[in-house]
Amino acid sequence: MALLVVITGYQATPWVSKLQAFEPKLDIRVWPEVGDPDEIDFALTWRHPMGEFKKYRNLKCIASMGAGVEHILCDPDLPHGVPITRIVEPSMPQSMIEYVVMVVLNYCRHYDLYRKQQIEQQWLLKIPILARNVGIGIMGLGQLGGDAAEKLSHLGFQVAGWNRTPKIINGVKTFSGDDQLNEFLAHTRILICLLPLTPGTKDILNRDLFDKLQPGAYVINVARGEHLVEQDLLYALETGQLSGACLDVFRTEPLPKDHPFWRHPKIVVTPHISSLTIPAAVVPQIIENYHRALSGNPLLNEVDIRRGY
Ligand code: NAP
Ligand code: GLV
C-alpha cells in the first residue's frame, strides 16, 4: 500500500516531509520513482503528466493539492470510477481574502500612482474612492468567493455575487444563472473572478462581458488563466472600457518571458500566489482521505466529476 506524490513544475519535498512527519510509517513514492504501479492506492497531485493515472490499477483516490481540479479532469485518459478530492481548508479563503483586499485597496487608494509619483518626487493628490461608493462583483460564491464577498461587505463595499445556483450571503446582493449575469455586471466596478474552470466558465472574461461592466472597471482574476480571453483584455484596456487588471493566473504558467502582460502599464502580474496551499495545513485531510480510501469510507471534499468542480 503506497501513496504516490505526482507533482510537476514544483518541488515535492515540502509535501513529502510534512506527510512523513504526520504519518512516519507511510510508504510514500515520488513520481517518477513509482516502483510497482500495482502498489499505488492513492495519488496526491498537481499538474500530472497526462495519462499517468491509468497505469495504477489499484488507485482508490486522486487528490488535488489545491482547491481546483481542472488540472486532473482535463486528462483524457483518467481512469473511470476513481474519485477525485480537492482541498477545502480555512487557510485558503484567508489567504485569498488578504490578496483580494490588498488589490482592491490599492485600486481605491491609487497606490500604484503614488509609488510612481514617489519615484518622480511628485506631491499630487487624487481623491480616494471610498468603499461605500464602489460596486464589487464576485463571480463564484463558493469556499473562496463566498468568504471574500462577506468580508468585503464588512469593509463597507457594495458587494454583489454571481453564482450558478442561488445563494444567500449577509450584506451581499446575489445573482444566479445566465439570466441574471447582465444585471450583476451592470453593478460592478471591480470584478473578481473566483469561478472553477469548467466548459461553462472557460473564456467567460471576454469582450462582451467587459462591455457590460461599469466604464473604467477593474478586473481581478484569481481563478484560472483560461477564464480570460487575453486579446479581449488588451483591447478593453486600450479602449478604456477597463482601467486595469490584476492577474494571478495565466493560460501558460509560468507566464512566458515575451508575453505582453509583463510590461503592460495597466496590468499587475503575480505568479499564482493569491492562495497557495500550505502543505502543513492540509496534510491532515490528505492522510484522513488516504485512510478513508483504503477502508472504502466516504471521502472528504470529493468533487462532482460530472459538474467539473
Ligand atoms: P468552490 O467552493 O467549488 O466554488 C465554486 C463556486 O463557483 C460555486 O459557488 C459554484 O456555484 C460557482 N460556479 C460554478 N460554475 C458556475 C457557473 N457556470 N456560473 C456561476 N457560478 C458557477 O471553489 P473554491 O474553493 O471557491 O475555488 C474556486 C476556484 O478558485 C478554484 O476552482 C480554483 O480554480 C481557484 N483557486 C485559485 C487559487 C489561486 O491561488 N489563484 C487558489 C485556490 C483556488 P454552485 O454553488 O451553484 O455550485
Ligand atoms: C490553486 O490554484 C488551487 O486551485 O488551489
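Data block above holds the structure.
Since the model is a prediction, treat every value here as computed from it, not as a measurement. (Residues numbered from 1 in each chain as written. Chains lettered and ligands numbered in written order. Predicted model: local features only at pLDDT ≥ 70, side-chain atom pairs only at ≥ 80, totals over all residues. Heavy atoms only, no water.)

> An account of the site of ligand 2 is needed here, citing residue identities and associated values.
Every residue near ligand 2 is listed here: Trp46, Gly66, Ala67, Gly68, Met92, Arg224 and His272. Residue His272 places a side-chain N or O atom 2.6 Å away from an oxygen atom belonging to ligand 2. Relative to its free-state accessible area of 190 Å², ligand 2 is covered by the protein chains to the extent of 87%. Looking at the shell around ligand 2 residue by residue, the class counts come to 3 nonpolar, 3 polar and 1 charged. (Near = heavy atom within 4 Å. Polar contact = N/O pair within 3.5 Å; in protein donor to acceptor, adjacent residues only side chain to side chain. Areas by Shrake-Rupley, 256 points an atom, 1.4 Å probe, with all protein chains shown as cover. Nonpolar A, V, L, I, M, F, W, Y, C, P; charged D, E, K, R; others polar.)

> How would you explain helix α3 (residues 91–108) if you had to name every residue and give the values?
For α3, built from 18 residues, the straight-helix expectation of 26 Å at 1.5 Å per residue is met to within 8% by its first-to-last C-alpha distance of 26 Å. Among the residues of α3, Ser91, Met92, Pro93, Met96, Ile97, Tyr99, Val100, Val101, Val103, Val104, Tyr107 and Cys108 are the ones counted as buried. Buried residues along α3 sit in contact with β6 (135–139), α5 (143–154), β9 (190–193), β10 (217–221), β11 (242–247) and α9 (279–295). (Helix = DSSP H or I, 4+ residues; strand = E, 2+ residues; numbered from the N terminus. Expected span 1.5 Å × (residues − 1). Buried < 20%, exposed > 50% of the residue type's maximum accessible area, 1.4 Å probe, protein only. Contact = heavy atoms within 4.5 Å.)

> Help me get a handle on the pattern of salt bridges, residues and values and all.
The full count for this structure, using the stated rule, is 13 salt bridges. Residue Glu39 pairs with Arg29 through a salt bridge whose shortest N-O separation is 2.5 Å. Taken as a pair, Glu39 in the loop between β2 (28–30) and β3 (40–46) and Arg29 in strand β2 lie far apart in primary sequence, 10 residues in all. Between Lys55 and Glu52 there is a salt bridge whose closest N-O contact spans 2.8 Å. The class for Lys55 is partly exposed, based on a relative accessible area of 48%. Using a relative accessible area of 5% as the deciding quantity, one classes Glu52 as buried. Each of Asp27, Arg29 and Glu39 takes part in one network of salt bridges that share partners. (Salt bridge = Lys/Arg side-chain N within 4 Å of Asp/Glu carboxyl O.)

> I'd like a rundown of the packing of aromatic side chains, residues and numbers included.
Inspection of the entire model under this criterion finds 5 aromatic pairs. Through a chain of ring-to-ring contacts, three or more aromatic side chains come together here, namely Trp162, Phe175 and Phe184. A cation over a ring is seen here: Arg307 above Tyr309, with NZ or CZ 4.0 Å from the ring centre. (Phe/Tyr/Trp six-rings, centres within 6.5 Å; stacked < 30°, edge-to-face > 60°. Lys NZ or Arg CZ within 6 Å of the ring centre and 35° of its normal.)

> Any chance you could break down the site of ligand 1 for me, citing the residues and the numbers?
Of all residues adjacent to ligand 1, which total 28 residues, the nearest are Arg86, Asn163, Arg164, Thr165 and Tyr309. Side-chain polar atom of Asn163 to an oxygen atom of ligand 1: 2.7 Å apart, as the coordinates give it. Interatomic distance of 2.4 Å between a side-chain N/O atom of Tyr309 and an oxygen atom of ligand 1. The fraction of the free accessible surface of ligand 1 (940 Å²) that becomes covered by protein chains is 91%. Listing elements by their share of the shell around ligand 1, those giving two or more residues are α3, α5 and β7 (158–163). Inspection of the shell around ligand 1 shows a minimum of three residues originating in each of domain 1 (2–89 + 277–295) and domain 2 (91–269). (Domains from an automatic or database assignment.)

> Describe in detail the sheet that holds β6, supporting the description with residues and values.
Reading across from one edge, β8-β7-β6-β9-β10-β11-β12 is the order of the 7 strands in this open sheet, with parallel pairing throughout. Bordering the open sheet on either side are β8 (172–176) and β12 (267–269), each of which pairs with just one other strand. The mean angle between the axes of side-by-side strands here comes to 15 degrees, regardless of whether they run parallel or antiparallel. Here β9 runs beside β10; their pairing, made up of 4 bridges, is parallel. Within β10, the position partnered with Ile190 by the bridge is Tyr218. In this fold helix α8 (residues 230–239) packs onto β11 and β12, with an angle of close to 140 degrees to the strand it touches most, β11. (Pairing = 2+ DSSP bridges. Axes fitted to C-alpha atoms, helices over the stretch in contact; angles between N-to-C directions.)

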